[in-house]
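Coordinate analysis (summary)
The lines below spell out each chain.
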Amino acid sequence: MSAQQVLDLIKEKNIEFVDFRFVDLLGRGHHITLPATEVEAETFVNGVAFDGSSIHGFRGIEESDMVMMPDTNSVYVDPFTAHATLIVICNIHTPDGQRYERDPRSIAHKAEEYLQSSGVGTTAFFAPESEFFIFDDVRYESTMNSSSFFVDSEEAAWNTNRKEEGGNLGFKVGVKGGYVPVAPVDSQQDIRSEMVRLMQESGLRVERHHHEVATAGQAEINFRFDTLTTTADNLMKYKYIVHNVARQYGKVATFMPKPLFGDNGSGMHVHQSIFNEGNPLFYEKGGYANLSEMALHYIGGILHHAPALIALTNPSTNSFKRLVPGYEAPVNLVYSKGNRSAAVRIPVAAVTPKGCRIEFRTPDSTANPYLAFAAMLMAGLDGIKRKIDPSALGYGPFDTNIYELSDEQKKEIRSVPGNLDEALDALEADNEFLTEGGVFTKEFIENYVSVKRSEAKSVAIRIHPYEYGLYFDC
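Residues numbered from 1 in each chain as written. Predicted model: local features only at pLDDT ≥ 70, side-chain atom pairs only at ≥ 80, totals over all residues. Heavy atoms only, no water.

1. Re the environment of glutamine 188
Mapped onto the secondary structure, glutamine 188 falls in the loop between β9 (147-152) and α4 (189-201). The exposure class of glutamine 188 is buried, given its relative accessible area of 3%. Along the primary structure glutamine 188 and histidine 211 are separated by 23 residues, whereas in three dimensions their C-alpha atoms are 7.8 Å apart. Ignoring anything within four residues of it in the chain, the contact list for glutamine 188 reads Ile134, Glu155 and Gly217. Polar side-chain contacts of glutamine 188 include one of 3.4 Å to the backbone oxygen of isoleucine 134. (Helix = DSSP H or I, 4+ residues; strand = E, 2+ residues; numbered from the N terminus. Buried < 20%, exposed > 50% of the residue type's maximum accessible area, 1.4 Å probe, protein only. Contact = heavy atoms within 4.5 Å. Polar contact = N/O pair within 3.5 Å; in protein donor to acceptor, adjacent residues only side chain to side chain.)

Below is the structure:
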C-alpha cells in the first residue's frame with residue numbers, strides 16, 4: 001500500500017485519528033496519535049518524532065531525538081477506540097535517517113534481508129502458538145514489608161467450594177483438565193470467539209481457538225503463518241486484541257509464562273520453514289519425518305545455539321518457572337516427530353510438502369517477537385551454513401517419551417538453561433551467529449544483556465513469601 005492509498009483509506013473510512021506505533025526492546029507497544037487532518041503525504045516521508053530517552057533500553061537523554069517511520073503496509077483500523085482510528089506500525093530511525101540498531105522491527109527486516117542474500121532461500125515463514133490465561137481478578141504487590149500475588153477465575157479448580165451469588169454451579173476446570181472440554185466446563189467460548197471476530201476484522205486469518213490444558217482460563221488462538229516481520233506484527237496485533245477484549249468483558253488476560261503454581265504454563269510454540277520462490281525447502285519424501293537435509297541442518301542450528309537463543313525467546317525470570325519437567329514444558333534439547341516432550345517437534349499429522357515445517361516449542365510470549373523470530377532464523381541459517389547434523393551431536397531423534405527415561409538415560413540429553421542469568425551467560429558466549437550480516441550488533445547484544453541482567457537481579461534480591469515458611473522459625 002502506498003502513502004496515497006493510506007490517505008485515501010483515511011477518507012474512505014472517515015478516520016478521525018492516526019495512531020503511529022512502535023515496539024520497544026522488551027516487546028511492549030508504544031504509540032503517538034495524530035488527528036487525521038494533520039497526516040499528509042510528507043508524514044510518511046519525514047516520520048513522527050518522539051523522545052527515545054523515555055523508552056527503556058533505547059537512548060540516553062543526550063541523544064534522545066528519534067523518528068517513527070511509518071510502514072504503509074501495516075495499517076489496520078483499531079477495533080476498540082470510540083473515535084475511528086487507523087493504526088500504523090513504524091520502524092525507528094535516527095534523526096539522520098538511518099535505521100536505529102536497537103529497533104527490534106528493523107532487526108527483523110535485516111534478518112529477512114540476510115536470508116535473501118545468503119542464497120539459501122527467499123522467504124522464511126513463521127507461525128506462533130501463543131497461549132494465555134483469562135482471569136477474573138489479579139492483585140500483586142512487592143513492598144518493603146509485603147510481597148504477594150493473587151489471581152482468581154470463576155472456572156478455577158480451587159473454586160469448587162466457593163460461595164457464589166446464585167449458588168456455585170460447579171463444572172470447574174480441574175488441574176491439567178482444561179484441554180478442549182465443551183461448555184459449561186469451557187466457560188470462555190464466547191470471549192474467545194469475540195477475540196477471533198475482531199482479529200479477522202483486523203486482517204488476521206484465524207485457523208482455530210480452544211481452551212488449553214491448565215485450569216483457570218488458559219486459552220489458545222491460532223492464526224495463519226506469514227513472513228517473519230509480518231508475523232511479528234500480527235502477534236503484536238493478536239496480543240492487543242486479546243488484552244482489550246478481556247478488558248471489555250470485565251476480565252484480564254496475561255501472556256505471563258507461569259502465573260500459577262502446579263499447573264501448565266503458557267508457551268509460544270513457533271512453527272517455521274523456508275521457501276525459495278514459492279518452493280518448500282524443508283520437505284523431502286522418505287527422509288526422517290519427510291524432512292530435507294536442509295531442514296535437519298536448520299534444526300541442528302536451533303538446538304546447537306538453543307542456550308543462547310533462549311535469552312531472546314524466553315527472556316523473563318518467570319520463563320524458567322515454566323521450563324521445568326512435568327508440565328509439558330519442552331526442556332530437553334532434542335528433536336522428534338510428533339513428540340511434545342522435545343524442544344523441536346516435527347508435526348507429521350496431515351502435513352503436505354508446503355506444510356512441512358519444524359516447531360520450536362521452548363519459547364514463550366514474554367519474548368519480543370521481532371527479536372525472537374530473527375534470532376531463530378539466524379540460528380537455523382547458521383546450522384545450514386555449517387551443515388550441523390543434529391543426530392551426530394546427540395540431539396536425537398528421540399521418539400520416546402523423554403519424561404519416562406531413566407535418570408541415567410536423561411544424563412545424555414542437554415537441557416535448557418536453569419534460569420535467566422544462565423541464558424544470558426550463554427548469549428554472551430555464543431552470539432556470532434546473530435551478528436552475521438550485521439543483523440544484530442555487538443552493541444545491541446551488550447545493551448540487551450545489561451537490561452535483562454538488571455531484571456534478573458531485581459527479582460533475585462527480593463524476599464519471597466515461601467521463604468517465610470522455610471526459614472522464619474529458624
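2. What about helix α3 (residues 104-118)?
Relative to the 21 Å expected for 15 residues at 1.5 Å per residue, α3 spans 21 Å between its end C-alpha atoms, a close match to the ideal helical length. Listing the buried residues of α3 in full gives Pro104, Arg105, Ser106, Ile107, Ala108, Lys110, Ala111, Glu112, Tyr114 and Leu115. Just past α3, the residue glycine 119 takes up positive phi, approximately 85°. (Expected span 1.5 Å × (residues − 1).)

3. Some words on the packing of helix α7 (residues 306-313) against helix α9 (residues 369-386)
Interhelical geometry of α7 versus α9 gives an angle of 165° and a closest axis separation of 9 Å. With respect to α9, the element α7 is oriented roughly antiparallel. In the crossing of α7 with α9, the sense of the turn from one axis to the other is left-handed. Counting all contacts with α7, which are made through Leu309, Leu312 and Thr313, the residues of α9 involved are Leu371, Ala372, Ala375, Met376 and Ala379. Residues of the contact of α7 with α9, tallied by class, amount to seven nonpolar, one polar and no charged. (Axes fitted to C-alpha atoms, helices over the stretch in contact; angles between N-to-C directions. Parallel < 35°, antiparallel > 145°, perpendicular 65-115°, else oblique. Left-handed = near helix turned anticlockwise from the far one by under 90°. Nonpolar A, V, L, I, M, F, W, Y, C, P; charged D, E, K, R; others polar.)

4. Details of the pairing of strand β4 (residues 65-70)
Burial analysis of β4 places five of its six residues in the buried class, the great majority of the element. Sheet topology places strand β3 (residues 48-51) next to β4; four bridges connect them, and they run antiparallel. Bridging from a neighbouring strand, alanine 49 pairs with valine 67 of β4. Relative to strand β6 (residues 85-93), β4 runs antiparallel, the two sharing four bridges. (Pairing = 2+ DSSP bridges.)

5. Focus: a nonpolar patch on the surface
A grouping of Val138, Tyr140 and Phe149 is seen on the molecular surface, where their side chains present a nonpolar patch of about 380 Å² in accessible area. Mapped onto the fold, valine 138 is located in strand β8 (residues 137-142). (Patch = residues over 30% accessible without salt bridge, like charges linked within 9 Å, V, L, I, M, F, W, Y side chains within 5 Å. Areas by Shrake-Rupley, 256 points an atom, 1.4 Å probe, with all protein chains shown as cover. Salt bridge = Lys/Arg side-chain N within 4 Å of Asp/Glu carboxyl O.)

6. Some remarks on α9
Taking 1.5 Å as the rise per residue, α9 with 18 residues should run 26 Å; its terminal C-alpha atoms sit 26 Å apart, in good agreement. Burial analysis of α9 places 16 of its 18 residues in the buried class, which makes it a mostly covered element. For α9, the side-chain oxygen to backbone nitrogen distance between the N-cap and tyrosine 370 is 3.1 Å, and the N-cap itself is asparagine 368. Remark: lysine 387 follows α9 within two positions and exhibits a positive phi of approximately 50°.

7. Quick word on unusual backbone geometry
Omega for the peptide link from alanine 183 to proline 184 comes to 10°, which places this bond in the cis form. Here proline 184 shows up in the loop between β9 and α4. Cis geometry is found at the peptide bond from glycine 396 to proline 397, where omega equals 10°. With respect to the secondary-structure elements, proline 397 resides in the loop between α9 and α10 (407-410). Of note, the phi angle at valine 180 is positive, near 50°, even though the residue is not glycine. Tracing the backbone through its elements, the reader meets valine 180 in the loop between β9 and α4. Overall, the relative accessible area of 43% leaves valine 180 in the partly exposed class. In this structure, alanine 289 takes a positive phi of about 55° despite not being glycine. Topologically, alanine 289 is positioned in the loop between β15 (279-280) and α6 (293-304).

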